[in-house]
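Per-entry structural report
Single-letter residue listing:
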Amino acid sequence: MRLAVIPGDGIGQEVVAEGLKVLREVAPDLETTPYDLGAARWQRTGELLPDTVLDELRGHDAILLGAIGDPSVPPGILERGLLLRLRFELDHHVNLRPAKLFDGVRGPLTAEGPIDMLCVREGTEGPYVGNGGVLRKDTPHEIATEVSLNTAFGVERVVRYAFERAVARPRKHLTLIHKTNVLTHAGGLWSRIVEEVSAEFPDVAVAYQHVDAASMFFITDPGRYDVIVTDNLFGDIVTDIAAAVTGGIGLAASGNLDVSGTNPSMFEPVHGSAPDIAGQGIADPTATVLSVGLLLEHLGRAEQAKKVNAAVAFDLSTRDPQQQIRTTQVGDRLAALASG
Ligand SMILES: NC(=O)c1ccc[n+]([C@@H]2O[C@H](COP(=O)([O-])OP(=O)(O)OC[C@H]3O[C@@H](n4cnc5c(N)ncnc54)[C@H](O)[C@@H]3O)[C@@H](O)[C@H]2O)c1
Ligand SMILES: CC(C)[C@H](C(=O)O)[C@@H](O)C(=O)O
Ligand SMILES: [Mg+2]
């Protein structure tokens, strides 16, 4: 099996090195090919994602990505031209983001009790599609639009995936998060499709919350959530909140999935390139290592994934929260634990 590796920018480089350390311990047969994509390549050559590289990536079984984005590049160039282009071209319609409070991890909340949610964020539509523009530029009457695109096809496939995940979990509970009281066109489509698909999953209890109220409950009562399904932008925002309440963005893993299996799925930490700490060796690589766990699970290597997840769970249960993270030390420890 072949894995493409895109370390990308900032701490992406640092955390991917540690993710690979762990991967090599549990899956030494996985062949890895590094790809130099990101700010440095763009600065050097003006290239973001050449078509030839995209074609090569398609030939892999999966992709591991660190982070994309750099302060030296105007906002959006790398994010849209590289990261989102990968997600769109490879039809990563499910952006899967688990958020679990591991034993031994103290979140910032006073609320007690387990947190174990699985956010199914739509990945190829919504306001992310670039459907907009600017009129009367540089006048006092400038108008900017960013229109959210929601197709019945796109919503149905992500909603169906969320139900399939929910029915396989003990609580069998699914929450749709949207803003149907204001975004009535898109919200109406999402609500209707959830209702329709729910008829095929009578064992799954369905709840609905507006995204503003949900953002509050993520902090006051996160234990109420099991599986969540939501659109691309709401999903981006609530998964950073979910990460914060489960110990921080350094622990949050994700998978961008083409559920049909036509294209390679891509696994990455939820966090970005963190320019504020890049190069200091203090980024937590755990989110990347957990993303490696998701990747192995996706490739049907459940035993190897279990080793990775168990290594993280043990390490987190024994970490001293007062001690400053050293990226390479965490990676070394996780690799040693995973190999045992
Ligand atoms: N998937 C991605 O590649 C991705 C995701 C988010 C942001 N970005 C990009 O990254 C750049 C920076 O964005 P941002 O600052 O809004 O978000 P960010 O996630 O990079 O950083 C937010 C905060 O979290 C901290 N942080 C992030 N990851 C950490 C880790 N592993 N360990 C410890 N602390 C960590 C950072 O130091 C920072 O204080 C931007 O260019 C943005 O577009 C990329
Ligand atoms: C960098 C950006 C395009 C990306 C997103 O919004 O999806 C990031 O915030 C994420 O969560 O992966
Ligand atoms: Mg985000």
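Keep in mind that what you see is a predicted model, and the values were worked out from it rather than measured.

Reading the values: the criteria
- Residues numbered from 1 in each chain as written.
- Chains lettered and ligands numbered in written order.
- Predicted model: local features only at pLDDT ≥ 70, side-chain atom pairs only at ≥ 80, totals over all residues.
- Near = placed C-beta within 6 Å.
- Helix = DSSP H or I, 4+ residues; strand = E, 2+ residues; numbered from the N terminus.
- Nonpolar A, V, L, I, M, F, W, Y, C, P; charged D, E, K, R; others polar.
- Pairing = 2+ DSSP bridges.
- Right-handed = clockwise from strand over helix to strand, strands pointing away.
- Core = buried A, V, L, I, M, F, W, Y, C linked by C-beta atoms within 7 Å.
- Buried ≥ 20, exposed ≤ 12 C-beta atoms within 10 Å, placed from the backbone.
- Domains from an automatic or database assignment.
- Contact = placed C-beta atoms within 7 Å.
- Expected span 1.5 Å × (residues − 1).
- Axes fitted to C-alpha atoms, helices over the stretch in contact; angles between N-to-C directions.
- Parallel < 35°, antiparallel > 145°, perpendicular 65-115°, else oblique.
- Left-handed = near helix turned anticlockwise from the far one by under 90°.

In the vicinity of ligand 1, 20 residues are found, and the nearest of them are G69, G250, H271, G272 and A274. Breaking the shell around ligand 1 down by element, the ones donating at least two residues are α1 (11-26) and α4 (77-89). Counted by class, the shell around ligand 1 contains eleven nonpolar, five polar and four charged residues.

Further remarks concern the pairing of strand β2 (residues 31-34). The pairing of strand β1 (residues 2-8) with β2 spans four bridges and is classified as parallel. The partner of L3 across the bridge, within β2, is T32. In this fold, the crossover linking β1 to β2 by way of α1 has right-handed handedness.

Lining the immediate surroundings of ligand 2 are G69, E79, L83, L84, D236, V270 and G272. When residues in the shell around ligand 2 are grouped by element, the largest group, three residues, is from α4. Here the residues of the shell around ligand 2 are counted per class, giving three nonpolar, two polar and two charged.

A word on the nonpolar core. Generally speaking, nonpolar side chains in soluble globular proteins are found buried as a group. Core analysis: the biggest nonpolar cluster contains 93 residues, and V120, A162 and V308 have the highest contact counts within it. Taken domain by domain, the makeup of this core includes at least three residues from each of domain 1 (1-94 + 254-340) and domain 2 (108-245). In this structure V120 touches V94, L96, V158, Y161, A162, R165, V227, I228 and V229, once residues within four positions along its chain are discounted.

Quick look at helix α5 (residues 152-167) now. An α-helix turns once every 3.6 residues. As a result, residues three or four positions apart point the same way. An ideal rise of 1.5 Å per residue puts 22 Å on 16 residues; α5 measures up with 22 Å between its terminal C-alpha atoms. Listed as buried for α5 are G154, V155, R157, V158, V159, Y161, A162, F163 and A166.

Taken together, the ten strands give an open sheet; going across it, the order is β2-β1-β3-β12-β11-β4-β5-β10-β8-β9, and neighbouring strands pair in mixed fashion. This sheet does not close on itself; its edge strands, each paired only once, are β2 and β9 (205-210). The mean angle between the axes of side-by-side strands here comes to 20 degrees, regardless of whether they run parallel or antiparallel. Across the sheet, helix α7 (residues 211-220) touches β8 (173-178) and β9, and the angle it forms with β9 is around 105 degrees. Contacts from helix α8 (residues 232-245) reach β4 (94-100), β5 (116-122), β8 and β10 (227-230), with the element oriented near 155 degrees to β5.

Turning next to the packing of helix α10 (residues 302-318) against helix α11 (residues 327-339). Close contact between α10 and α11 brings their axes to 8 Å; oriented N to C, the two are set at 125 degrees. Between α10 and α11, the crossing angle belongs to the class labelled oblique. In this structure, the crossing between α10 and α11 has a hand that is right-handed. Contacts from K307, V308, A311, V312, F314 and D315 of α10 reach α11 at R333, L334, L337 and A338.

Turning to the packing of α1 against helix α9 (residues 286-298), a few remarks are in order. The geometry of α1 relative to α9 is characterised by a closest axis approach of 8 Å and an angle of 45 degrees between their N-to-C directions. Regarding the angle of α1 to α9, the classification is oblique. The way α1 lies across α9 gives a crossing that is right-handed. Residue-level contacts link V15, V16, E18, G19, V22 and L23 of α1 to T288, V289, S291 and V292 of α9. A per-class count over the contact of α1 with α9 returns six nonpolar, three polar and one charged.

For the chain, the assigned domains read domain 1 (1-94 + 254-340) and domain 2 (108-245). The C-alpha-based centres of domain 1 and domain 2 are spaced at 24 Å. In terms of residues, the side of domain 1 that touches domain 2 owes the most to one element, α4, which gives four residues. When its residues are assigned to classes, the side of domain 1 that touches domain 2 shows five nonpolar, three polar and three charged.

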